[in-house]
Structures are given as C-alpha cells and as structure tokens.
Amino acid sequence: MASIITAIVGIVICVLGVVNMMGNISSLHSYHRHRVTPENVKPFGKLVGLGTLIVGASVLVFSALELVHNLTGKEVYTLIGTAIMLPGIIAGIAVSFYAMKKYNGGIF
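Since the structure is predicted, the reported quantities are computational estimates derived from the model, not experimental observations. (Residues numbered from 1 in each chain as written. Predicted model: local features only at pLDDT ≥ 70, side-chain atom pairs only at ≥ 80, totals over all residues. Heavy atoms only, no water.)

This part takes up the packing of aromatic side chains. On inspection of all chains with the given rule, the structure shows one aromatic pair. Ring centres 6.1 Å apart and planes at 70° place the aromatic pair Phe 44 and Tyr 103 in the edge-to-face group. Here Phe 44 is found in helix α3 (residues 41-72), whereas its partner Tyr 103 is found in helix α4 (residues 76-104), with 59 residues between them in sequence. Residue Phe 44 shares its accessibility class with Tyr 103, and that shared class is buried. (Phe/Tyr/Trp six-rings, centres within 6.5 Å; stacked < 30°, edge-to-face > 60°. Helix = DSSP H or I, 4+ residues; strand = E, 2+ residues; numbered from the N terminus. Buried < 20%, exposed > 50% of the residue type's maximum accessible area, 1.4 Å probe, protein only.)

Right, here's the structure in full:
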C-alpha cells in the first residue's frame, strides 16, 4: 500500500516538473514568480522543472523497487531504491536552487 502512495506522489511531482518545464511557473511560490523577468520565465521554468522532474523520477524508481521488495520479500530492493532516491532528491533540489540563484538572485 505504501508503495502505491509513494508512486502517486512521484507521479504528481513529475507532472509538476513537466508543467514547469513548459514555462508555467504558477505552481512556484509568488516570490519566485515576481522576481524572475518575463524573458527568463521559460529558462527558469525549464531548470526548476528539470529539478522537480529529477525528484519525482527518483521517488518513482524508489516506489517501483519497494513494490518489488513487497512482492519478493528481498529487502535489497528497498536499499537499492533508497540509494537511488536520496541522491536523486539532492540532485533535483540542487538544480532547482541553482535556477533560483541564477534567475532570482537567491532562493529566499
């Protein structure tokens, strides 16, 4: 059951990433929407969306491996999923923070 919920969360995060990559940054905090210049909305959205997509994909991989663990009973799949998910989340957040720093001058 938990792997299904995790998969749904991963899918939602991936969809938000794709929406941001298409230039729609309405899901971001108003601070970021107002501070980015109109000509930088597309590149900013692409980078933030890429970071969000990386996070979502790593959560999806984890949920798939967690499901395999539930079906086989071998805990090694959960460990592999965790080893993939944690660096993926860190990398995705780093890409998003880089975009915020580049196009907004800071993350806050």
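There is more to say after this.
The next point concerns the environment of Gly 10. Take Gly 10: it is sitting in helix α1 (residues 2-21). For Gly 10, a relative accessible area of 0% translates into the label buried. Excluding anything up to four places from it in sequence, Gly 10 contacts Gly 56, Val 59 and Leu 60. (Contact = heavy atoms within 4.5 Å.)

Turning next to the side chain of Ser 58. The residue Ser 58 is located in helix α3 in this model. When residues no more than four places from it in sequence are discounted, the contact partners of Ser 58 are Ile 84, Met 85, Gly 88 and Ile 89.

Mapped onto the elements, Glu 66 comes out in helix α3. Although Glu 66 is buried, it forms no salt bridge, and the closest oppositely charged side chain is Lys 74 at an N-O distance of 15 Å. Ignoring anything within four residues of it in the chain, the contact list for Glu 66 reads Ser 3 and Thr 78. (Lys, Arg positive; Asp, Glu negative; His and termini not counted. Salt bridge = Lys/Arg side-chain N within 4 Å of Asp/Glu carboxyl O.)

In this structure, Val 68 sits in helix α3. Once residues lying within four places of it in the same chain are set aside, the contact partners of Val 68 are Gly 73 and Tyr 77.

Next up on the list: the packing of α3 against α4. At a closest axis distance of 8 Å, the pairing of α3 and α4 adopts a crossing angle of 170°. Considering the angle they form, α3 stands roughly antiparallel to α4. The residue makeup of the contact of α3 with α4, split by class, is 24 nonpolar, twelve polar and one charged. (Axes fitted to C-alpha atoms, helices over the stretch in contact; angles between N-to-C directions. Parallel < 35°, antiparallel > 145°, perpendicular 65-115°, else oblique. Nonpolar A, V, L, I, M, F, W, Y, C, P; charged D, E, K, R; others polar.)

Among the surface-exposed residues, Met 1, Ile 4, Ile 5, Ile 8, Val 9, Val 12 and Leu 16 lie close enough to one another that they form a single nonpolar patch of about 670 Å² accessible area. Relative to the helices and strands, Val 9 is located in helix α1. (Patch = residues over 30% accessible without salt bridge, like charges linked within 9 Å, V, L, I, M, F, W, Y side chains within 5 Å. Areas by Shrake-Rupley, 256 points an atom, 1.4 Å probe, with all protein chains shown as cover.)

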